[in-house]
Amino acid sequence: MEKLALLGGTPVLTEENGAMFSWPIMTEEDYDAAMYVVKNNKFSATDITEKFQEEFAAWQGRKYAIAYCNGTMSLTSAMFAIGLGHGDEIICPTKTYWGSVSQAINFGASAVFCNIDENLSMDPADIERCISPRTKAIMVVHYFAYPADMDPIMEIARKHNLYVIEDVSHAQGGMYKGKKLGTFGDIAAMSLMSGKSFAAGELGILVTDDTRLYERAMAFGHYERNNSNYIKESDDLKDYFHIALGGAKGRANQLCSALARVQLKYYDERCAEIRRAMNYFWDQLEGLPGIRAVRVDESTGSNMAGWYSPHGVYHAEELGGLSVKKFCEALRAEGYRGAWDGGNFCLHTHPFFKTFDLRNEGKPSRIVYNDTDVRLDDDKCAPSTDIQCFSVPWFKHFDRDIIDSYVRIFKKVIENHEQLLEKDEKQAQGGRWYGTENE
């Protein structure tokens, strides 16, 4: 046995290689693009943004793209585009960032939560349980870059005549069975903030092939483009030109649009190297007890895009009941500083979705316009809270020696886990990200 560093042994790593994790990759081309905006005071114009929209739409394989100030605004605009309104219900996986669905209350709609599966992804087998006569849409989240199982999800949506919004904030450029994520549903939206795999400062973007949805989304948050140059077919919007119909300005800062144009040029190439590194890492850990990779079989035509925020699923019963918190603590002691348990907390457990009254109406906003109390079904998402997960290193380059050192960290802790059992407090896992992962 090898003494674990947490108990006084020698750590595998004493210093992490920052270059392996630095992101996004920035070059003189990025800096020149940003300085052009600065020198010409183009922060609040739209010319660079519109060029990026054209390029992104072509890359995404969609007819239209609209950039926003952030991903949450793009998702909110998608909800407005489909006509989400009073008494409507929108189904969303419970384990995701709050910006996927919390803003439904702004439209008087109710979020209904479904379970996740063993890949931390929306469980298609649980969706129909959540459908009622009030259901308007399904919010699909490609969580931690894992492509949701779109074939059965789209089959269910067509069967019940539901809109599908894809939240691609974790999976820009990812594939499902040879088709790009964000091209399955009626509309898709995503964050391009500085921590994402597609990182462009603070930016969001929406894509669709539907002219009606495009025009409604444009009118919602873009007063300077809510006019006859952009809104051509939606006669019911024409009386409202020149005011953002959502009452909020969603315009992108062109500093971010300029960075995004450069990042897009190299994104696929850089993501391919990330996937090579991450698959190599998980290949070395295959078959070890207690941990399972969250990854796809790329031979099917699916992939993990830029593998945003990679995670594994934890099985404490295979390691003598060792808690995931203690497991991660031991990893940190061995030199992997970024080892944490949890991921996003399950939304159905948060008081926001239980009691928050946005407009002082005397009733929780989540249910104020609904004829049933959807909160009563939240306990059916209990299986999702039992799934434990942990972060793994997000390698941005393929360097076999460095990756192998992190493999040794995981192997050392797993092979010597019994040393930790006596003092393990067996703390239950909960989500740790209360608003620290920006959308």
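Bear in mind that the values here come from a model prediction, so they are computed numbers and not experimental data.

Student: Can you walk me through the overall build of the chain in this structure?
Tutor: Summing up its helical and strand segments, the chain has 10 helices and 12 strands in all. Over its C-alpha atoms, taken along the principal directions, the chain stretches across nearly 75 × 55 × 40 Å. Counted over contacts in the chain with a minimum sequence separation of 6, partners at least 24 positions apart contribute 73%. A total accessible area of about 17,400 Å² is found for the chain, and carbon and sulfur atoms account for 48% of it. Side chains of the chain carry 48 positive and 63 negative charges; the gap between the two charge centres is 3 Å.

Student: Can you walk me through the pattern of salt bridges in this structure?
Tutor: Between side chains of opposite charge, a pair can form as their charged atoms come close. Scanning the entire structure with this criterion turns up 23 salt bridges. The partner of Arg 261 in a salt bridge is Glu 55, and the shortest N-O contact between them spans 2.6 Å. With Arg 261 in helix H6 (residues 254–285) and Glu 55 in helix H2 (residues 47–60), the pair connects residues that are 206 residues apart, well separated along the chain. Using a relative accessible area of 30% as the deciding quantity, one classes Glu 55 as partly exposed. A salt bridge links Asp 378 to Arg 366; the nearest nitrogen and oxygen atoms lie 2.8 Å apart. With Asp 378 in the loop between helix H7 (324–333) and helix H8 (382–386) and Arg 366 in the loop between H7 and H8, this pair connects stretches of sequence that are 12 residues apart. Among the charged side chains, a network of salt bridges with common partners joins Glu 2, Glu 334 and Lys 412.

Student: What is the right way to look at the state of the cysteines in this model?
Tutor: Taken as a whole, this structure holds 0 disulfides when the rule is applied. With no disulfide of its own, Cys 271 lies 19 Å from the sulfur of Cys 256, the closest cysteine sulfur. The class for Cys 271 is buried, based on a relative accessible area of 1%. Lacking any disulfide linkage, Cys 328 is separated from the closest cysteine sulfur, that of Cys 389, by 8.8 Å. Its relative accessible area of 0% is what places Cys 328 among the buried residues.

Student: Sorry, what's going on with the confidence of the model for the chain here?
Tutor: Low pLDDT means the predicted atomic positions in that stretch should not be read closely. Per-residue pLDDT for the chain has a mean of 95; in total, 97% of the residues score no lower than 70. A low-confidence stretch, residues 433–439 (pLDDT under 50), is modelled with 28 contacts involving residues beyond four sequence positions or located in other chains.

Student: Sorry if this is basic, but what is going on with the packing of aromatic side chains here?
Tutor: Aromatic ring pairs are defined here through the distance separating the ring centres and the angle between the ring planes. By the definition in use, this model includes 31 aromatic pairs. Between Phe 56 and Phe 198, the aromatic rings sit 6.0 Å apart at their centres with planes inclined by 65°, giving edge-to-face as the arrangement. Within this pair, whereas Phe 56 is found in helix H2, its partner Phe 198 is found in the loop between strand E8 (187–191) and strand E9 (204–208), the two being separated by 142 residues in sequence. Here Phe 56 falls in the buried class, since its relative accessible area comes to 0%. For Phe 198, a relative accessible area of 0% gives the class buried. Members of the aromatic cluster, connected to one another through ring pairs, are Phe 21, Phe 281, Trp 282, Tyr 314, Phe 327, Tyr 336, Phe 390, Phe 395, Tyr 406 and Phe 410. When the ring centre of Trp 394 is taken as reference, the NZ or CZ atom of Lys 396 above it lies at 3.8 Å.

Student: I would appreciate a short explanation of the sheet that holds strand E12 (residues 388–391) in the present structure.
Tutor: The pairing of strands in a sheet comes from backbone hydrogen bonds and takes either a parallel or an antiparallel form. Read from one edge to the other, the open sheet built from 3 strands follows the order E10-E11-E12, with strand pairing classed as antiparallel. At either margin of the open sheet sits one strand with a lone partner, and together these are strand E10 (291–293) and E12. Geometrically, the sheet is characterised by an average inter-axis angle of 35° between neighbouring strands, direction not taken into account. Relative to E12, strand E11 (residues 311–314) runs antiparallel, the two being bridged by 4 bridges. Bridging across to E12, Tyr 314 finds its partner in Gln 388. Helix-sheet contacts for H6 involve E10, E11 and E12, and the interaxial angle to E10 is about 145°.

Student: When you look at the side chain of His 142 in this model, what are you seeing that I'm missing?
Tutor: Take His 142: it is sitting in the loop between strand E4 (135–141) and helix H4 (150–159). According to the relative accessible area criterion, His 142 is buried, its value standing at 0%. Among all residues touching His 142, those that are not within four sequence positions of it are Pro 147, Ala 148, Met 150, Glu 166, Asp 167, Val 168, His 170, Ala 171 and Leu 181.

Student: Honestly, the environment of Lys 179 in this entry has me stumped. Any pointers?
Tutor: As for its position among the elements, Lys 179 is in strand E7 (residues 179–180). Overall, the relative accessible area of 38% leaves Lys 179 in the partly exposed class. Expressed as a C-alpha distance, the spacing of Lys 179 and Ser 302, which sit 123 residues apart in the sequence, is 7.8 Å. In terms of polar contacts, Lys 179 uses its side chain to reach the backbone carbonyl oxygen of Thr 183, at 3.3 Å.

How each quantity is defined
Residues numbered from 1 in each chain as written. Predicted model: local features only at pLDDT ≥ 70, side-chain atom pairs only at ≥ 80, totals over all residues. Heavy atoms only, no water. Helix = DSSP H or I, 4+ residues; strand = E, 2+ residues; numbered from the N terminus. Contact = heavy atoms within 4.5 Å. Areas by Shrake-Rupley, 256 points an atom, 1.4 Å probe, with all protein chains shown as cover. Lys, Arg positive; Asp, Glu negative; His and termini not counted. Charge placed at Lys NZ, Arg CZ, Asp CG, Glu CD. Salt bridge = Lys/Arg side-chain N within 4 Å of Asp/Glu carboxyl O. Buried < 20%, exposed > 50% of the residue type's maximum accessible area, 1.4 Å probe, protein only. Disulfide = S-S within 2.5 Å. pLDDT = per-residue confidence, 0-100. Phe/Tyr/Trp six-rings, centres within 6.5 Å; stacked < 30°, edge-to-face > 60°. Lys NZ or Arg CZ within 6 Å of the ring centre and 35° of its normal. Pairing = 2+ DSSP bridges. Axes fitted to C-alpha atoms, helices over the stretch in contact; angles between N-to-C directions. Polar contact = N/O pair within 3.5 Å; in protein donor to acceptor, adjacent residues only side chain to side chain.

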